[in-house]
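These are the residues of each chain, in order.
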Amino acid sequence: MNRFLFNFANPSFLFFLFFLNLFSILPAFAQESLSGFSSLKKSGRSLIFSTETGQKLRITPYGDFIVRVQAIRKDEDFFPDDYTEMVESHNWPGQISADEKSDRFILKTNPEDGLSLQVTKNLLRLSFFQNNLSVPFLQDKNGIQWQQDTLSVSFQPDSSEHFAGLGHTYFARTEKLDLKGEKTSRNYGTEHHQQAPLIVPFFLSGKGYGIFLNSTFPNSFSFGKEGKYEISVSGGRMDYFVIAGPDLTDVLDRYTQLTGRPRFPPKAAFGLSLSDKGNDHTSMDPSDENWWKRKINEHRAAGFPIDHIVNDNRWRAGGGQRCLSRFDWELTRYPDPTEYQSWVQKNHLFVTLDFNRCIASHSEGWKPDNLIPASGKIDFSDSAPDFTKKEVRDWFWNLFWTKSLNPDLNYPGDALWIDEFDEMGAAPDSMILGNGKTWKEMKNYWFFLIAKSLVADGWDKSFKETKRPFVWVRGMTAGAQRYATLWSGDIKPTTDDMKTQVRSMQSAGLSGFPFWGHDAGGFYNWETKNGPDDNLYRNWSMAFGSFSPTWKPHGVGESRWPLDRSTEVQKDAKTYSRLRYELMPYFYTYAHQAFETGIPIARAMILEFSQESEAWKRDLQYMWGNELLVAPNCSDSDRVSVWLPGGSWFDFWSDSLFSGNQVLSYPSPTGKLPLFVKDGAIIPMTNFALSTGALPADSLTIHIYTGRNGLFTLYEDDGLSEGYRHKEKRTTEITFNQDHMSVTVSPANGTYKNAPAQKAWTFVFHGFKKPVSFSVNGKKVKTNWDPVKKTLSLSAGSFSVLESIEVVMDQE
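Residues numbered from 1 in each chain as written. Predicted model: local features only at pLDDT ≥ 70, side-chain atom pairs only at ≥ 80, totals over all residues. Heavy atoms only, no water.

Trainee: Which residues make up the nonpolar core, and what values do they have?
Mentor: One finds Phe 355, Ile 418 and Phe 765 to be the most contacted residues of the largest nonpolar core, which totals 189 residues. Apart from the residues lying within four places of it in its own chain, the contact partners of Phe 765 are Ile 704, Phe 736, Val 743, Phe 774, Lys 790, Thr 791, Leu 792, Leu 794 and Val 807. Residues Val 69, Leu 124, Val 153 and Phe 217 belong to the second largest nonpolar core, which totals 43 residues. (Core = buried A, V, L, I, M, F, W, Y, C linked by side-chain atoms within 4.5 Å. Buried < 20%, exposed > 50% of the residue type's maximum accessible area, 1.4 Å probe, protein only. Contact = heavy atoms within 4.5 Å.)

Okay, here's the thing in C-alpha cells:
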C-alpha cells in the first residue's frame, strides 16, 4: 500500500482529502429532476403521480381549459391552496380522466375542444394538447427540476413562437411588447427608486395558450434567450397553470376567471383627472379649497371638462407637506369639509385622497409594533407598516374610514391614491415578517396585501355595494386586479418614456389590469428640470392621454391644466376632451366588458390579429375597443407609421377610406392623433358635457361606418354603485345590415336606478357616395348631407327604450 496516502503531514495528501470532501458534498448541490413513474392515485379532482425517488406531480383541472401543475420533492408537502390568494377561488368544476398506455398516460378533460395531456412514464414529462390535435402546443424539454432552492420548468423552444404579458417592469419602461428572445423577471425592486412594478407572472403565447406561475418568490422567464424556454423561481414550490385558448381573448378571459375579474371603477374615474401638484403650496395662492373652486370654475367656463380632483398632499393636516403631514383634513385650508363636499357633489366631481408611506407614523393610531422588523434598511424607516399583520391592515383601512370616507361625516373622498410602498427594496430578503414568512417570499405579494386590506376587508364591508371603490397603488400584484389598479410612477416627459407607456398600457391589459394609469405627459425630468413642453403636452398629455384607460395629466413643473397653456395647446385640449366625453357611451361599454371578460379597452394588436406577424411588431399602436385603431405620435416627426389590418378603415378626422393590409406613412403634425375606424363599426356617442355626471342619458348619436355588417351592444348603469353585479344595468343591441342599409335598435334589456324611459336617437352614416333618403319605423325622415365628409345624418326622434327602432334606406 502506498504509504504516501497516510502521510497527514504531506500537503499533497491534504489536498487529496479536500477534493474527497468536496465530492462528498456535491450531491447537495446537484440538479434533481422528476424521475420515473411509480404509482398514480386520484385525490378529489386531482391526479397525483409518484416517482421512484419519492417525488410527486399533481395535475388538477380547473374547468375544461385550465390545468394546474404542481411538483414536490421527497419529504416536501404541497402548499395549501390558500397559501396565497392570487388565485381567487380553487372551487372549480372539472374532471380529468387517465388512460394508461405502456409508456405514458393520456389525460383528458370532458369536451372535445378541452385540454388533454400526455405524461411519459420515463421521467414524467408533460405535453399539452387541445381539440384532440396530435401535435402538442406545449411540451416539456427537461421538465421540472430543482437545484437547491431554485425550481425550474423548461419547455421545448420554438423559434417562431411569440410571447407577451408579464405586467411590466419599473416605471412601466417596456421596450417591446413581444417577449420573444428575451430573458426577464417581474419582481419587487432591490433598490429605493425602482417604482411601480406590475408583478404578474402570467404570459400569453402566439400559439394560443397562457401560463401563470402561482408563486410570490422571485421569478425569471426565458423566452428563447440562448435557446431556452424556461420558467424559474427562487424558493417555494413549483406551481403553474396552463390556460388553453385557442384565441388569446379566450386565454385572457380564462386567466381573469382564475385570478379574478378587474374591479369596475365608477364612471367619474374615466373623466379628466387634474391635480394640484404643480401649484406651490408655500405661495400666496396655496392649493386650498378656494384654489380648487376657482380653478375648476375657470376651467369649465372656458369649455374644459373635469371629473376627478386629485389631491396631492396639500389637503392633509400638519401643513400639507409630503412627509410631515398626517392623514386628516387641514382645517386652515378646508375650514368646513362638509360644505366643501356639498360643493363637490353639486358640481359632479370625484375626489381622490392621497397617502404617502412616510406619513404612516404621523397618522392617528400608529403604533411602533406596526413596523416591519428591518425597517432601518429603508428610507423613512420609522414609517414602514408590516401588512402581513391583520392589526396593521385593520388600522390602515380604519384610518381612511374614520378621517374622511365614512358617509356620516359627509367629507370628500371617493378614491384612494396609495404612494411609495414600492420603495422598500433595500430591506433584506432574510427579514422575518409578522406572519413568519420572509421578505424574499412576501415582497412580490406586498401590493396584493395593501389592495385587499383597503377593498375586500375595508371598502366592500363598509360601503356594502353602495359605492364602487377606486384605489390606485404605485405597484400591483397578480390577482389584486379584483380590488385595485396602479399607475406607472414618476416617469419622464420624453418621447422615449412616452413609447414605453404606450407599450406598458397594452401589456398591463394583457396581464389582467385594463384600468392601468400613468401621468400623461410625464411626471418630471429631474436632470433637465422640466415637465412636458407644448409639443409633448399636445401629443401625449392630451392626444394619447385621452385614449388611455384613465386620463391623468400630472406632475411637477409646468401646469398640466389646459387653461394654463398656450392658445394653440388649448385648441387640442378642447378637441380631445370633447371627444373623450362624447365617446363615453362607447368607452364605458368596453370598460364594463373589461370587467366581465378581462379583455382590455386598450387592446394590443395581437389580441385580434395574433396570427399576423406584423401585429407582433406594431406595439406603438393599439385597438381602442373593437372598432377604433389608435397610433399615438411618440416622436418629433410629423408622420407616423401605421399598420392597417385587413378590411377597410376610415380616417376618423376626414372620413377618407383606406384599404387594409398596408402600412401607411400617416401625416401627424403636433396635436393630431392618428385615429381610424373599422368598416362595419357602430360607434355610440353622446352630447358633450363638463363632467361624466352631466352627460345626458336620454339621447344618443349612433355613427355607422358602412362597408360590412356591424353589431354593438350598448351597456349602461348608474355609474356609481355595485348594483350592476345584481342585474341593475341595461343593454341595448344595435345592428347594421350592409345589404339592406338598415339599422335596428332592439328593445332595451334591464334597467337601473334613474334610468331614462325614453331616449332620443340620431344616426350618422359614413361612407356614402351621394345623399339618399331614409325611413324610421316606416316613416320618411329628413336627412342632412355633408358633401365634404360624405356623411348623412338623421334625427329619428324619441322612443321608449322598450320599443324597437328600424332605420332603413328607402328604395329608389
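On we go from here.
Trainee: Give me the lowdown on the sheet that holds strand β27 (residues 485–486), citing residues and values where you can.
Mentor: Taken in spatial order, the six strands of this open sheet run β19-β20-β23-β24-β25-β27, and their pairing is parallel. Unpaired on one side and paired on the other, β19 (273–275) and β27 mark the two borders of the sheet. Across three bridges, strand β20 (residues 308–310) lies against strand β23 (residues 350–356) in parallel orientation. Considered in β23, the bridge of His 308 is made with Phe 350. Contacts from helix α3 (residues 289–301) reach β19 and β20, with the element oriented near 140° to β19. (Pairing = 2+ DSSP bridges. Helix = DSSP H or I, 4+ residues; strand = E, 2+ residues; numbered from the N terminus. Axes fitted to C-alpha atoms, helices over the stretch in contact; angles between N-to-C directions.)

Trainee: Before we move on, can you summarise the packing of helix α5 (residues 390–405) against helix α7 (residues 446–463) with the specific residues and values?
Mentor: Any two packed helices are characterised by the angle at which their axes cross and by the distance between the axes. Their axes nearest at 9 Å, the elements α5 and α7 cross at an angle of 50°. By the angle between their axes, α5 is oblique relative to α7. The two elements α5 and α7 meet at a crossing, and its hand is right-handed. Contacts between α5 and α7 involve Arg 393, Phe 396, Trp 397, Phe 400, Trp 401 and Leu 405 from the first element and Leu 449, Ile 450, Ser 453, Leu 454, Gly 458, Trp 459, Ser 462 and Phe 463 from the second. (Parallel < 35°, antiparallel > 145°, perpendicular 65-115°, else oblique. Left-handed = near helix turned anticlockwise from the far one by under 90°.)

Trainee: Could you give an account of the state of the cysteines, with specific residues and numbers?
Mentor: Taken as a whole and judged by the stated rule, the model has one disulfide. Between Cys 323 and Cys 358 runs a disulfide, and the two sulfur atoms are separated by 2.1 Å. Every disulfide takes its handedness from the sign of the S-S torsion; for Cys 323 and Cys 358 that torsion is -80°, giving left-handed. With a gap of 35 residues between them, Cys 323 in the loop between β21 (316–317) and β22 (326–329) and Cys 358 in the loop between β23 and α5 connect regions that are remote in the sequence. (Disulfide = S-S within 2.5 Å.)

Trainee: Before we move on, can you summarise the sheet that holds strand β35 (residues 675–678) with the specific residues and values?
Mentor: Reading across the sheet, the six strands line up as β28-β29-β30-β35-β32-β33 and stay open at both edges, with antiparallel pairing between neighbours. Where the open sheet ends on each side, the last strands, each with one partner, are β28 (602–604) and β33 (657–659). Direction aside, the axes of adjacent strands within the sheet are offset by 35° on average. Note that strand β32 (residues 648–651) and β35 share three bridges and pair antiparallel. The residue of β35 that forms the bridge with Phe 650 is Val 677.

Trainee: Account for the packing of aromatic side chains, naming residues and giving values.
Mentor: Counted according to the given criterion, the structure contains 84 aromatic pairs. Ring geometry for Phe 396 versus Phe 400: centroids 5.0 Å apart, planes at 70°, classification edge-to-face. Here Phe 396 pairs with Phe 400, and both are found in helix α5, just four residues apart, close to one helical turn. Each member of the pair, Phe 396 together with Phe 400, is buried. Ring centres of Trp 401 and Phe 463 lie 5.3 Å apart, and the angle between their planes is 80°; on these two criteria the pair is classed as edge-to-face. Taken together, the residues Trp 401 in helix α5 and Phe 463 in helix α7 connect sequence positions 62 residues apart. Residues Trp 401 and Phe 463 agree in their burial class; the two are buried. The ring of Tyr 62 carries the charged tip of Arg 45 above its face, separated from the ring centre by 4.6 Å. (Phe/Tyr/Trp six-rings, centres within 6.5 Å; stacked < 30°, edge-to-face > 60°. Lys NZ or Arg CZ within 6 Å of the ring centre and 35° of its normal.)

Trainee: Got a sec to walk through the pattern of salt bridges? Specific residues and values, please.
Mentor: Going through the model one piece at a time under the given rule, you end up with 46 salt bridges. With its nearest N and O atoms 2.7 Å apart, the salt bridge here joins Asp 460 to Arg 263. Of this pair, Asp 460 sits in helix α7 while Arg 263 is found in the loop between α2 (248–259) and β19, placing the two residues 197 residues apart along the sequence. Given a relative accessible area of 9%, Arg 263 falls into the buried group. Taking the shortest distance from any N to any O, the salt bridge between Lys 729 and Glu 596 comes out at 4.0 Å. Of this pair, Lys 729 sits in the loop between β38 (710–716) and β39 (730–737) while Glu 596 sits in helix α11 (residues 584–597), and the two are 133 residues apart along the sequence. Salt bridges sharing partners connect three or more residues here, namely Asp 419, Asp 422, Glu 423, Arg 474 and Asp 490. (Salt bridge = Lys/Arg side-chain N within 4 Å of Asp/Glu carboxyl O.)

Trainee: Residues and numbers for unusual backbone geometry, please.
Mentor: Cis geometry marks the peptide bond from Gly 245 to Pro 246, where omega comes out at 15°. The residue Asn 661 is not glycine, and still its phi comes out positive at about 55°. By secondary structure assignment, the location of Asn 661 is in the loop between β33 and β34 (662–667). We classify Asn 661 as exposed; its relative accessible area is 59%. For Asn 754, which is not glycine, the phi torsion reads 65° and is therefore positive. For Asn 754, the position within the fold is in the loop between β40 (742–745) and β41 (758–766).

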